[in-house]
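Survey of secondary and tertiary structure
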Amino acid sequence: MNGNSIGVFDSGVGGTSIWKEIHKCLPNESTIYLADSKHAPYGEKAEEKILGFSIKNTELLLDRKCKLIVVACNTATTNAITYLRANYDVPFIGIEPAIKPAALHSRSKTIGVLATKGTLTSGLFHSTSENYANGIRILEQEGKGLVSLIESGKVNSKEVQELLEKLLKPMLDQSMDHLVLGCTHYPYLIPVLTKILPSHVKIIDSGEAVARQTKAILNQYDLQNTSLQTPEHQFYSNTDEVVLERFLKDVKGNLKVDFIDF
Ligand code: DGL
């Protein structure tokens, strides 16, 4: 069991931003990553659809004997993780917009959250905002269109820059001093975001925290890989694996990227 892989899934390429943090933090673990790009964006779909995709992805990872599953998608976490935890036997790690650190450190008492509609309208997001944001104004902004642009490889395009400028302006006009990235695709926008945002606005991304939590849960359940064999990393896309491969260019290691239909 301990030599089995960690399973990771997302609606597409975005979760590779989380996978990279996990790989850094747990270099001895093998992984299987599913990019469900065929069904992206999840964020504009109904809750029962997002739940259905999350179940399908989970079962595929469990068929491949994954010992733990990371839901590397805010939209799937906020809409499906409660169900997944209640219905499957492996530990699940999820990701949610990191409101807490932003709220704790905000001087202007105004933070922005950029996320998908599916995340912003979920019950889990609402209860988290209520718990942590006492006395803090939380400005919510749907990043409509961003996931599709990133999925089609246009991360550094003028189109992305203009869309971001339009989306961020209302939050900047209201003095936000922290921007929470509430979607795992968005860390790929950090170079463009730093060009647009004034230097006092801090970008909050939870990738590292998710990796630390994954390590803690592996330890808690005694699931760490202790074998001396080189770990393997299998990536699957159900659209164009070449697009997924581009997001992994900077990674060294034993990596395989393939197409499968799921
Ligand atoms: N990476 C997903 C997230 O974190 C993107 C959701 C989508 O496909 O719309 O929310």
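Residues numbered from 1 in each chain as written. Predicted model: local features only at pLDDT ≥ 70, side-chain atom pairs only at ≥ 80, totals over all residues. Heavy atoms only, no water.

1. Examining the environment of Ser-54
Under the convention used in this document: Only DSSP runs of H or I with at least four residues qualify as helices, and only runs of E with at least two residues qualify as strands; both kinds are numbered from the N terminus onward. Each residue's exposure class comes from its accessible area (1.4 Å probe, protein chains only) as a fraction of the maximum for that residue type: buried when under 20%, exposed when over 50%, partly exposed otherwise. It only takes one pair of heavy atoms within 4.5 Å for two residues to be counted as in contact.
With respect to the secondary-structure elements, Ser-54 resides in helix α2 (residues 47-63). For Ser-54, a relative accessible area of 0% puts it in the buried group. Residues Ser-54 and Phe-125, spaced 71 residues apart in sequence, show a C-alpha to C-alpha distance of 18 Å. When near neighbours in sequence (up to four residues on either side) are disregarded, Ser-54 contacts Phe-9, Ala-76, Ala-80 and Leu-84.

2. Section: the layout of surface pockets
Note the following rule: Both site types are read off a 1 Å grid over the protein atoms alone. A 1.4 Å probe that fits but cannot get out defines a cavity, while an open set with protein on both sides within 12 Å along at least five of seven lines defines a pocket; lining residues have an atom within 4 Å of a point. Grid points are joined across faces, edges and corners, and a volume is the space filled by probe spheres set on the points. Amino acids are sorted into nonpolar (Ala, Val, Leu, Ile, Met, Phe, Trp, Tyr, Cys and Pro), charged (Asp, Glu, Lys and Arg) and polar (every other residue, Gly among them).
For the largest pocket, the calculated volume is near 490 Å³. Around the largest pocket sit 21 residues that line it, and Gly-94, Ile-95, Glu-96, Pro-97 and Thr-128 are the ones nearest its centre. Listed by contribution, the elements that provide at least two residues to the lining of the largest pocket are α3 (74-87), β4 (92-93), α4 (99-105), α6 (123-132) and α10 (207-220). Top element by residues in the lining of the largest pocket is α3. It accounts for four residues. Of the residues in the lining of the largest pocket, the class split is 12 nonpolar, six polar and three charged.

3. Observations concerning the packing of helix α1 (residues 16-25) against α10
Think of two packed helices as two axes; the pair is described by the angle between the axes and how far apart they sit. Note the following rule: Note on method: axes are straight lines fitted to C-alpha atoms, helices fitted across the in-contact stretch only, with angles between N-to-C directions ranging 0 to 180 degrees. The cut-offs work like this: below 35 degrees is roughly parallel, past 145 is roughly antiparallel, 65 to 115 is roughly perpendicular, and the gaps in between are oblique. Handedness of a crossing is defined here by the sense of rotation of the near helix relative to the far one, left-handed for an anticlockwise turn of less than a right angle and right-handed for a clockwise turn.
Orientation of α1 relative to α10, taken along the N-to-C sense of each, is 50 degrees, at an axis distance of 8 Å. Taken together, α1 and α10 sit at an angle that is classed as oblique. As for how α1 packs across α10, the hand of that crossing is right-handed. Of the residues in α10, those touching α1 at Ile-18, Glu-21, Ile-22 and Cys-25 are Gly-207, Glu-208, Val-210, Ala-211, Arg-212, Thr-214 and Lys-215. Here the contact of α1 with α10 is composed, by residue class, of five nonpolar, two polar and four charged.

4. Things to note about the sheet that holds strand β6 (residues 137-142)
Note the cut-off: Two strands are said to pair when DSSP picks up at least two bridges between them.
Overall, parallel pairing links the four strands, which are arranged β6-β5-β7-β8 in an open sheet. Because the sheet does not close on itself, it has two edges, and the strands there are β6 and β8 (202-204). Strand-to-strand twist of the sheet, defined as the mean angle between neighbouring strand axes without regard to direction, takes the value 25 degrees. Pairing of strand β5 (residues 110-115) with strand β7 (residues 178-182) involves five bridges; the strand directions are parallel. Bridge assignment links Leu-114 to a residue of β7, and that residue is Leu-181. Across the sheet, helix α8 (residues 158-173) lies against β5, β6 and β7, angled at about 160 degrees from β6, the strand it touches most.

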